[in-house]
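# Coordinate inspection notes
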Amino acid sequence: MSVHEYLIYALNHQVSIQQQLHNTIVPLAYPTAVMLDSAATQLINAQKAQVSSQSPFPGGGMFSRLSRKGRVRTLSALENLEIDLYLLPSPFQNNAGLVKYVTDALNRLSMFGYYSEWPAYGSTRLNQPEHRRLEFFPLSWNQIGYPGVSHGYRDFRGFLLKIAETRVKNEES
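Throughout what follows, the structure given in this document is the object of discussion. (Residues numbered from 1 in each chain as written. Predicted model: local features only at pLDDT ≥ 70, side-chain atom pairs only at ≥ 80, totals over all residues. Heavy atoms only, no water.)

## A word on the packing of aromatic side chains
Both the distance between ring centres and the angle between the ring planes are used here to describe each pair of aromatic rings. Summed over the entire model, instances satisfying the criterion amount to five aromatic pairs. Measuring from centroid to centroid gives 5.8 Å for Tyr9 and Trp118, while their planes differ by 40 degrees, and the two rings are tilted. Taken together, the residues span a long stretch of sequence, with Tyr9 in helix 1 (residues 3–13) and Trp118 in the loop between helix 4 (96–115) and helix 5 (139–144) at a distance of 109 residues. Their ring planes at 85 degrees and their centres at 4.8 Å tell us that Tyr114 and Tyr115 sit as a pair that is edge-to-face. Using a relative accessible area of 23% as the deciding quantity, one classes Tyr114 as partly exposed. An aromatic cluster is defined as three or more aromatic residues linked by ring pairs; in this entry it consists of Tyr6, Tyr9 and Trp118. (Phe/Tyr/Trp six-rings, centres within 6.5 Å; stacked < 30°, edge-to-face > 60°. Helix = DSSP H or I, 4+ residues; strand = E, 2+ residues; numbered from the N terminus. Buried < 20%, exposed > 50% of the residue type's maximum accessible area, 1.4 Å probe, protein only.)

## Section: the nonpolar core
Judged by nonpolar contacts, the single largest core of 32 residues is most densely connected at Leu11, Leu28 and Phe92. Counting only elements with at least two residues in this core, the list comes to helix 1, helix 2 (29–45), helix 3 (68–79) and helix 4. Look past the residues within four positions of Leu11 in its chain and what remains in contact with it is Val26, Pro27, Leu28, Ala29, Thr32, Val102, Leu106 and Leu109. (Core = buried A, V, L, I, M, F, W, Y, C linked by side-chain atoms within 4.5 Å. Contact = heavy atoms within 4.5 Å.)

Right, here's the structure in full:
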């Protein structure tokens, strides 16, 4: 379903951080991967997680070498700030708010990527939004019974209810 591509795209194009007086979109996919690896290493060193004998992700970092339980434990440790923030990469180093925000976003973005139209964009999914085209009906839409794209909504044409006008009689007249 290429949800991992959605996570990478969203972290690089949709997450903004406060810099001085304005928000700036900062590519966070690579620093987030390094943060996950760093947190996994800390848990392994503290004997709170173990490296799996066979990694389902060859060539991946330390986070990808953990079992599913170990990866969930790592995310939980990050979300609960149970790791040394000083050992994390920039911009996460000593930035508890950003660590919690991005860790939470990983869960949310995974759901968005799975249940959205992202997989159906096919070869156009990495294009800018205005240049994406649905190439097929997403599997997740079938699973949840979503009927598909609406090709427009009726314009506002006034209120359907008639409001009866009532006048208060002036008692002096």
